[in-house]
Amino acid sequence: MSKNIFNFSAGPALIPNSVIEKIHHGLDDFDRGMSVIEVSHRSQAFKEYAHSSESSLRQLLNINDEYSVLFLQGGATHQFALIPMNFSRNDGVLDYLVTGAWSRKASAYASKIANVNIVADSTSNNFTNVTDSNLWNLTDGADYFFYCANETVHGLEIHEPIESDSPVICDMSSTIASRPIDINKYDLIFAGAQKNLGIAGVTIVIAKKTLLSEVNHELLPMLDYSVHADEASMLNTSPVFAWYVSGLIFDWIREQGGVERMSQLNQEKSSLLYNYIDQSNFYSNPIAHRYRSWMNIPFILNREDLDDEFLRSAEDEGLLNLKGHRTVGGMRASVYNAMPIEGIKKLIAFMDEFSKLHE
Ligand SMILES: *Cc1c(COP(=O)(O)O)cnc(C)c1O
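Here the structure is a predicted model, which is why all the values come from computation and not from measurement.

(A) Main features of empty space enclosed by the protein. For the structure shown, the criterion picks out 1 cavity of 30 Å³ or more. Along the lines of polarity and charge, the residues of the lining of the largest cavity split into 8 nonpolar, 3 polar and 1 charged.

The structure is reproduced here in structure tokens:
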């Protein structure tokens, strides 16, 4: 990212400048003069890199030995398919909490091959709120309970872990590493890397070993999480370059002060923008306050006819990719770990000027 622009894309998203510099080095010479995009996943150099990047992630998120960490391909969407394939049992029920586009898609995937029970569905409030947990329709003995911690499209985040008697499976694609998490509260966490942990091409899966020991072993090996774990994510050619970038990002977050520091900064950054939006008569954010995302902040202009002009003028100022998701409309500022506070300040200054011109 050049100095004069700020990229608010929801994903693939911005990468810190210092990491991009390191990527250049890796492209030039990763191992004995070979570029990182030319080396084998089974080379000694990459095996060592894979090992050290896994330890770096384990330190970053405080992941203990009861969990396997996998670096897979297919994106978060592929996990929507693998999760029910691996963990649904005959006649079992899968509980899904639907709070936005991603959890809805995950539940739709699962319902193709298993009995899905929707615990609660935020469709009726346009994905701006979550039904009180006392009113959830939970299944006793469900094979698992699935939810999405941060709905990237709608900007709705569940800030506290959800506890359940069934194994808890969580899509953390757009919130992982934005704050400390208690890994022990989850049985499986997954995240596509291109939001907060790198580039598209690798998906991180953190799974309790006891859960993996119960997978449906009739699956073909490529679809079986436990086989990927046994093969240290090298069952077939690993996404070497994407994995390399993720390793650099883990180190970058640790150098910044780890997830504790990220959490302070993310809270500070998002509050600045929400406070500005809330005091304005020109912009609004529809999400219930306790579920407002730290990472994806949608806002609408009180004059929809100005959307295009807003986006054009923002781009002239170097504020890029603020258009909201096509299903939601309006604007969305994605402010992942790598977004500096200066980016938020510049956005607010621009929004203020724009609103004064049109009030
Ligand atoms: C981006 C995203 C996905 C989809 O990721 P892909 O890598 O494109 O499959 C799923 N869930 C959430 C929460 C996301 O933000």
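(B) Structural detail: the pattern of salt bridges. One pass over the full model with this rule turns up 11 salt bridges. In this structure, Lys22 engages Glu255 in a salt bridge whose closest nitrogen and oxygen atoms are separated by 3.7 Å. Placement of Lys22 in helix α1 (residues 17-28) and of Glu255 in helix α7 (residues 240-256) is noted, with a sequence separation of 233 residues between them. Lys22 sits in the partly exposed class, given a relative accessible area of 37%. Using a relative accessible area of 54% as the deciding quantity, one classes Glu255 as exposed. Here Arg58 makes a salt bridge to Glu54, at a shortest N to O gap of 2.9 Å. In this pair, Arg58 and Glu54 both sit in helix α2 (residues 44-61), 4 residues apart, roughly one turn of the helix. A single network of salt bridges, built from pairs that share partners, joins Glu163, Asp182 and Lys185.

(C) A look at the site of the ligand. Lining the immediate surroundings of the ligand are 13 residues, of which Thr77, Thr152, Asp171, Gln194 and Lys195 lie closest. Contact between the ligand and Lys195: an oxygen atom at 2.6 Å from a side-chain N or O atom of the residue. For the ligand, the accessible surface in isolation is 390 Å², of which the surrounding protein chains cover 86%. With 4 residues, the single largest contributor to the shell around the ligand is helix α3 (residues 75-87). Considering only residue class, the shell around the ligand consists of 4 nonpolar, 7 polar and 2 charged.

(D) A look at the layout of surface pockets. Estimates place the volume of the largest pocket at around 440 Å³. In this structure, the largest pocket is lined by 20 residues; those nearest its centre are Val153, His154, His325, Thr327 and Val328. Those elements that provide at least two residues to the lining of the largest pocket are α4 (101-111) and β12 (296-301). Across the lining of the largest pocket, the residue classes break down as 11 nonpolar, 6 polar and 3 charged. Both domain 1 (20-256) and domain 2 (258-358) contribute no fewer than three residues apiece to the lining of the largest pocket.

(E) Seen up close, helix α9 (residues 307-316). The set of residues buried in α9 consists of Asp307, Phe310, Leu311 and Ala314. Burial along α9 is one-sided: seen end-on, the buried residues are contained in an arc of 95 degrees. Facing away from the buried side of α9 by more than 90 degrees, the exposed set consists of Asp308, Arg312 and Asp316. For α9, the secondary structure elements touched by its buried residues are β11 (283-284), β12, β13 (319-320), β14 (331-334) and α10 (341-358). Note on α9: the residue one or two positions beyond its end, Gly318, has a positive phi of about 85 degrees.

(F) Examining the packing of α3 against α4 more closely. In the contact formed by α3 and α4, the axes pass within 9 Å of each other and the chain directions differ by 40 degrees. Put simply, α3 runs oblique to α4. Here the hand of the crossing between α3 and α4 comes out right-handed. Residues Thr77, Phe80, Ala81 and Pro84 of α3 pack against Trp102, Lys105, Ala106, Tyr109 and Ala110 of α4. Its residues assigned to classes, the contact of α3 with α4 comprises 7 nonpolar, 1 polar and 1 charged.

(G) Structural detail: the sheet that holds strand β4 (residues 115-121). Ordered by their spatial adjacency, 7 strands build an open sheet running β2-β10-β9-β8-β5-β3-β4, and the pairing between neighbours is mixed. The open sheet terminates on both sides in strands that have one partner only, identified here as β2 (67-72) and β4. If you compare each strand with its neighbour and ignore which way they point, the axes differ by 15 degrees on average. Bridge count between strand β3 (residues 93-98) and β4: 6 bridges; the pairing is parallel. From the neighbouring strand, Val98 faces β4, where its bridge partner is Asp121. Of the strands in this sheet, β2 and β10 (203-208) are in contact with α2, which crosses β2 at around 125 degrees. Sitting on the sheet, α3 is in contact with β2, β3, β5 (144-148), β8 (168-171), β9 (188-192) and β10, with an inclination near 155 degrees to β9.

(H) Quick look at the side chain of Ser263. One can find Ser263 in helix α8 (residues 258-279). Residues contacting Ser263, with those up to four places away along its chain left out, are Ser178, Arg179, Pro180 and Trp294.

(I) Region of interest: the nonpolar core. Formed by 92 residues in total, the largest nonpolar core has its most connected members in Leu61, Tyr147, Tyr283, Phe310 and Met351. Residue contributions to this core peak at 10 residues, all from α7. Not counting chain neighbours up to four residues away, the residues in contact with Leu61 comprise Ile176, Ala177, Ile181, Ile183, Ile206 and Val259. Core analysis: the next-biggest nonpolar cluster, separate from the first, contains 23 residues, Tyr96, Ala114, Val205 and Val215 among them.

Conventions adopted
Residues numbered from 1 in each chain as written. Predicted model: local features only at pLDDT ≥ 70, side-chain atom pairs only at ≥ 80, totals over all residues. Heavy atoms only, no water. 1 Å grid on protein atoms, 1.4 Å probe; cavity = no way out; pocket = protein on both sides within 12 Å on 5 of 7 lines; lining within 4 Å. Points joined across faces, edges and corners; volume = space filled by probe spheres on them. Nonpolar A, V, L, I, M, F, W, Y, C, P; charged D, E, K, R; others polar. Salt bridge = Lys/Arg side-chain N within 4 Å of Asp/Glu carboxyl O. Helix = DSSP H or I, 4+ residues; strand = E, 2+ residues; numbered from the N terminus. Buried < 20%, exposed > 50% of the residue type's maximum accessible area, 1.4 Å probe, protein only. Near = heavy atom within 4 Å. Polar contact = N/O pair within 3.5 Å; in protein donor to acceptor, adjacent residues only side chain to side chain. Areas by Shrake-Rupley, 256 points an atom, 1.4 Å probe, with all protein chains shown as cover. Domains from an automatic or database assignment. Arc of directions from axis to C-beta. Contact = heavy atoms within 4.5 Å. Axes fitted to C-alpha atoms, helices over the stretch in contact; angles between N-to-C directions. Parallel < 35°, antiparallel > 145°, perpendicular 65-115°, else oblique. Left-handed = near helix turned anticlockwise from the far one by under 90°. Pairing = 2+ DSSP bridges. Core = buried A, V, L, I, M, F, W, Y, C linked by side-chain atoms within 4.5 Å.

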